[in-house]
2 protein chains.
Amino acid sequence: MMLFFRKDNRVSQGRLELFKNTLRKAAHAWSIIQSLHLTEAEASKLRSFIDEPAYTDLHWGMFIPAIKGQGTDEQQQKWLPLAYRQTIIGCYAQTELGHGSNVQGLETTATFDPSTDEFIVNTPTLTATKWWPGGLGKVSTHAIVYARLITDGKDYGVHAFIMQIRSLEDHHPLPGVIVADIGVKFGNGGYNTMDNGLLRFDNVRIPRDNLLMRVASVTRHGKYVPSGVPRQLGYGAMVFVRKSIVMDASNYLSRAVTIAVRYSAVRRQFGTQQGKPEIQVIDYMTQQSRLFPLLATAYAYRFLGVWMSWLYSDVMARLERGDFSTLPEVHACTAGLKSITTSTTADGIEECRKLCGGHGYLCASGLPELYAAYVPACTYEGDNVILLLQVARFLMKTLSLLGSGKKPSGTAAYLGNAADLLAKNCQVMKGTETGSILIYCSMHLKHGQQDSLLSVLPQIAAASNQEAGFSEFSSELVDASRAHCELIVVTRFMEALKKEISGRSVMKQLQTLCYVYALSLVTARAGDFLVTGYLSSKQLDLAKGQLRSLFRELRPNAVALVDSFNHSDYYLGSTLGRFDGNVYENLYNDALKDPMNASPVTEGYEEYIRPVLKQQLKLPNSRL
Amino acid sequence: MMLFFRKDNRVSQGRLELFKNTLRKAAHAWSIIQSLHLTEAEASKLRSFIDEPAYTDLHWGMFIPAIKGQGTDEQQQKWLPLAYRQTIIGCYAQTELGHGSNVQGLETTATFDPSTDEFIVNTPTLTATKWWPGGLGKVSTHAIVYARLITDGKDYGVHAFIMQIRSLEDHHPLPGVIVADIGVKFGNGGYNTMDNGLLRFDNVRIPRDNLLMRVASVTRHGKYVPSGVPRQLGYGAMVFVRKSIVMDASNYLSRAVTIAVRYSAVRRQFGTQQGKPEIQVIDYMTQQSRLFPLLATAYAYRFLGVWMSWLYSDVMARLERGDFSTLPEVHACTAGLKSITTSTTADGIEECRKLCGGHGYLCASGLPELYAAYVPACTYEGDNVILLLQVARFLMKTLSLLGSGKKPSGTAAYLGNAADLLAKNCQVMKGTETGSILIYCSMHLKHGQQDSLLSVLPQIAAASNQEAGFSEFSSELVDASRAHCELIVVTRFMEALKKEISGRSVMKQLQTLCYVYALSLVTARAGDFLVTGYLSSKQLDLAKGQLRSLFRELRPNAVALVDSFNHSDYYLGSTLGRFDGNVYENLYNDALKDPMNASPVTEGYEEYIRPVLKQQLKLPNSRL
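Basis of the calculations
- Residues numbered from 1 in each chain as written.
- Chains lettered and ligands numbered in written order.
- Predicted model: local features only at pLDDT ≥ 70, side-chain atom pairs only at ≥ 80, totals over all residues.
- Heavy atoms only, no water.
- Phe/Tyr/Trp six-rings, centres within 6.5 Å; stacked < 30°, edge-to-face > 60°.
- Helix = DSSP H or I, 4+ residues; strand = E, 2+ residues; numbered from the N terminus.
- Buried < 20%, exposed > 50% of the residue type's maximum accessible area, 1.4 Å probe, protein only.
- Contact = heavy atoms within 4.5 Å.
- Core = buried A, V, L, I, M, F, W, Y, C linked by side-chain atoms within 4.5 Å.
- Buried area = accessible area lost by both parts, 1.4 Å probe.
- Salt bridge = Lys/Arg side-chain N within 4 Å of Asp/Glu carboxyl O.
- Polar contact = N/O pair within 3.5 Å; in protein donor to acceptor, adjacent residues only side chain to side chain.
- Nonpolar A, V, L, I, M, F, W, Y, C, P; charged D, E, K, R; others polar.
- Domains from an automatic or database assignment.

## Focus: the packing of aromatic side chains
Working step 1: One pass over the full model with this rule turns up 35 aromatic pairs over all chains.
Working step 2: For the ring pair Phe303(A) and Phe493(A), a centre distance of 5.2 Å and an interplane angle of 25° mean the geometry is stacked. You can see Phe303(A) sitting in helix α7 (residues 285-320) and its partner Phe493(A) sitting in helix α14 (residues 474-498), a full 190 residues away along the chain.
Working step 3: Taken together, Trp132(A), Phe186(A), Tyr361(A), Tyr371(A), Trp132(B), Phe186(B), Tyr361(B) and Tyr371(B) form an aromatic cluster joined through their ring pairs.

Structure (structure tokens):
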């Protein structure tokens, strides 16, 4: 198994070799899945451990769910069995070359032709070219294609169609279809194992019932008919995807933190006293103050993910009984949490790489690939800045409705107590009042959050119009939204620790992590609390001092806390982050096995080095 | 030329192919350099435009300067002609597997043997393995090796030796020498064109005069003799290197900003009004507030580089007349500036990549490679955090000497007015007081800087000992050092604009950039100014409002301001950042030319895709 799925050699390979290897691994995994009769949940776990982006992610994670969510029962019966057996392989073609976040701006058209009972699909411009879909470039036979539905001369906006794009016999693109890979992406391995693709249509005809018709259909005569199924039902899928993204964030961040903590405990630097070894770098405050908040964040996101699973069930139950009342709050909350967890995780992985010093730059650290493979999460499923602006709109609306007596609920409930919260300043006078420290942190965050929002609102109102004001203060609003979401994370972490946790010392450690998470946010956002006088400079010093003492508490258990994530050495793929700490010997041995060291004299010596040394280089314009 | 030096295909290549291509380019460049009889300055320019890390960087940039700086006249006469003709190729072997920043911790030994008049060089431990030197892995025939000089049983600390490591006949490693490449590094191309290497010695004997003896020598009988040449003379080279690093920072950041500004002017998103195109993303405040401060920073660093060239001449002139008085201040200032400019540039490149949305993740954007190739600058020539701690020690010492009447000078002069500065609060009451705005910014920075330092000092003094206190507050000290260095950058920018600048409107634009740079620092560090009450929340709002109005001023000239960096399309290597703005057509055409698209049916189809689709996959344990 290790031989089939080895990943340590990925970074030396050229793109073609890398990609072909991914096809090999995907086929091998499929073979195992079939022979062991794995359930889809088990198969998904297997694929996640193989830990390599591949077309199967899109087939199972986007193509099949889209058919389930947007197809009628009849359509599901037709397509799903083919997809489950992978006799067709599908992808999800939404994004276009010129259109990403603004889905309503997509240009691809599907025009109904009643004379043949078909849609005619076209890519009218260059910017309408589908661009980015994973699995599209070289593998998929089918795609869910988003296109503007036009019938009887009217544009009904963007709808989903299922389309065959390659022959099932010889895999050539079908007539009228241009499909190709979009080229190399960031990082050595990373997403280069994936065939992100481009796709164009020139008058491609598909049967009318290739329109996924759960929400709306087109009749034989071209009449557009909404089905009566509420569009809101689709929101459940969105919550599910965002929940998965947050769980991924915790997982990726925990991998990076595991590597950085273990290596920081092995690496020694400076502070030699006659004969004694140098100091472990994990003992430096400059290291702890960057590393431990990330360790705490990985834990915080894990509890957040658990809560989002509950949120998903709650939303699904409500949707089923036609209760859409919590959707605006859930929409805003999950959008914001997707945004802050992915941004923090991407930055956190890169920070962990930097915390490993020079050796973090080696692919053997595992961190360069982890970053390159993770960072697209900041862009896909909604650009992180745009998502925070959506949160801002929700928060502004919530505050504006307060006067009318409408009470905000769920994660926004605290906004109902604006007047109360703002009237108080922080009362804490000792950094060691740890019993109240969390309440104090969350008060801070709530206060800072409201204050920053409330100070911007009158200015927006004073602008020539609401949109101009929103635009002018959009940076401030993004900051406010981020603070709102961080408050949700702190609150969920606190709530989780109120429940039964087995083991007193486990509980103690989790509390320390929770304090570290909350206090590091407070100190990072000190300006927000100082600006109103809510927090005094003395109180800020107390918070900083308390944080330093929490780092000291955390230090002896730091390695155990990352060990408990239970990532295997194969999965981490990091010489620096090995469980046994045997870093240097393995760095050295791995280097000697690198393909560059296959022979003592490098390829290219005879042509390009010896002639230089021997002054026998031919001059330009001769063949080199 | 474009064919020989093309770089757009680097990212698809496997490591071996990539590296061999670099050897080819280096040989070709050398051939041009020789045939055109280029000076070393011209040759260096040529190499910088080829824009690909290669062994030649180390040969010309480290090996030769080390011989010049540390060799006696006789040694220079012996080695330099060989190096100039590249009949030997050299590298610079200092860093070891277990020892980076702490040079005094190096373990390699060179023990003098009077019986043969030789040094015996050994790598006593695994962690003593030389690790990272560029050009070492597969190319260099010689190396400057740093080793502990031991003679007559006494360890005289780390000294530089020139050593041959490979045969000049067949390029095989010499007996007793283990040398190899250390493996793949971050990024697709990036530093993977370089053969960073490892090196071990097993009782390798070298003649006594391979010790570079400018500062100290060993006699025939093993007596260690300092030459009397002051060690401080070596500091000139350090200032030169740091000046070059700051100029590089400006150059790299300007490349990233050029790409992001041009693409932000082409890309449109949201805001469609019936029939009208979407809004250019550069018009969004969320984009401007991240992009324009980086544009301003690229300019600020350019002026800083010019000033550092002056500083270098000044230091050299002083050293020649034996005046070492400015060295501590120059040492701290250049260390800090190396640190903040490289960190800001690395983060800024990655921020520019994110500002290009999804397409920034394509290597065609040029940004992934730019980041991967640049980011080691944060580590080499001194880890950035450690450098800031050095600055902190200097600042603490300077402040502690104030009582004794010792006036600080140069970039630290303002620390002499602590009492004065701290007594005043900010007087600005209108954001539009632009005449005084720069003074106001620099006052802010000075104030914040002093305050943060002065608040920490008593706490350090209260610790059980000075080192424990320093360690406890090291994060705060790093922040204070960073602020000190940013103040230097602002001040240099302001000073530069006091000089004659041709063209009134050019001057006006530069002033706007200077304001943007300074004000974005003030708002980013708002907490530092709020904590003392120096700045009121109303004044902070004024600063933010002023910044927004400066962005509006900058917007119409943003593209011209990046055009004026004058980077060619070849040099930028970015489809998104093309001068002509023809982004989409070229993204599309380049994708179709990608090697992945050489045939419509992918390699691997017959083995790994068709069997899946046709349900003919063999089960595991069979050969796949």
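## A word on helix α9 (residues 367-374) of chain B
Working step 1: Of all eight residues making up α9(B), eight are buried, and the element is well covered by its neighbours.
Working step 2: Among the residues of α9(B), Leu367(B), Pro368(B), Glu369(B), Leu370(B), Tyr371(B), Ala372(B), Ala373(B) and Tyr374(B) are the ones counted as buried.
Working step 3: Buried residues belonging to α9(B) abut α8 (327-355) of chain A together with α6 (235-266) and α8 (327-355) of chain B.

## Brief notes about the nonpolar core
Working step 1: Of all hydrophobic cores here, the largest spans 296 residues; its most connected members are Trp131(A), Ile144(A), Leu337(A), Trp131(B), Ile144(B) and Leu337(B).
Working step 2: When residues of this core are assigned to their parent elements, the largest contribution, 17 residues, is made by helix α7 (residues 285-320) of chain B.
Working step 3: Dropping the residues within four chain positions of it, Trp131(B) is found in contact with His359(A), Leu362(A), Leu587(A), Tyr588(A), Ala591(A), Thr95(B), Glu96(B), Leu97(B), Ile182(B), Gly197(B) and Leu198(B).

## Re the interface of chain A and chain B
Working step 1: Taken together, the contact between chain A and chain B spans 134 residues of the former and 133 residues of the latter.
Working step 2: When the buried surface of chain A facing chain B is broken down by residue, Phe186(A), Tyr361(A) and Met596(A) rank first, second and third, together holding 8% of it.
Working step 3: Arg548(B) is paired through a salt bridge with Glu472(A); the nearest N and O atoms lie 3.1 Å apart.
Working step 4: Applying the counting criterion to the chain A and chain B interface returns 51 residue pairs in polar contact (both at pLDDT 80 or more).
Working step 5: No other element matches the 13 residues that helix α2 (residues 15-35) of chain A contributes to the side of chain A that touches chain B.
Working step 6: Taken together, the residues of the side of chain A that touches chain B sort by class into 61 nonpolar, 42 polar and 31 charged.

## With respect to the domain arrangement of chain A
A common measure of how large an interface is: the accessible area buried when the components associate.
Residues and elements named next belong to chain A.
Working step 1: Under the domain assignment, chain A is made up of domain 1 (1-227) and domain 2 (236-408 + 428-560).
Working step 2: The straight-line distance from the C-alpha centre of domain 1 to that of domain 2 is 34 Å.
Working step 3: For the pairing of domain 1 and domain 2, the buried interface totals around 910 Å² over both sides, and the portion due to carbon and sulfur atoms is 58%.
Working step 4: If you sort the residues of domain 1 by the area they bury against domain 2, Ser101, Phe186 and Tyr191 come out on top, with a joint share of 44%.
Working step 5: Joining domain 1 to domain 2, the criterion identifies three residue pairs in polar contact (both at pLDDT 80 or more).

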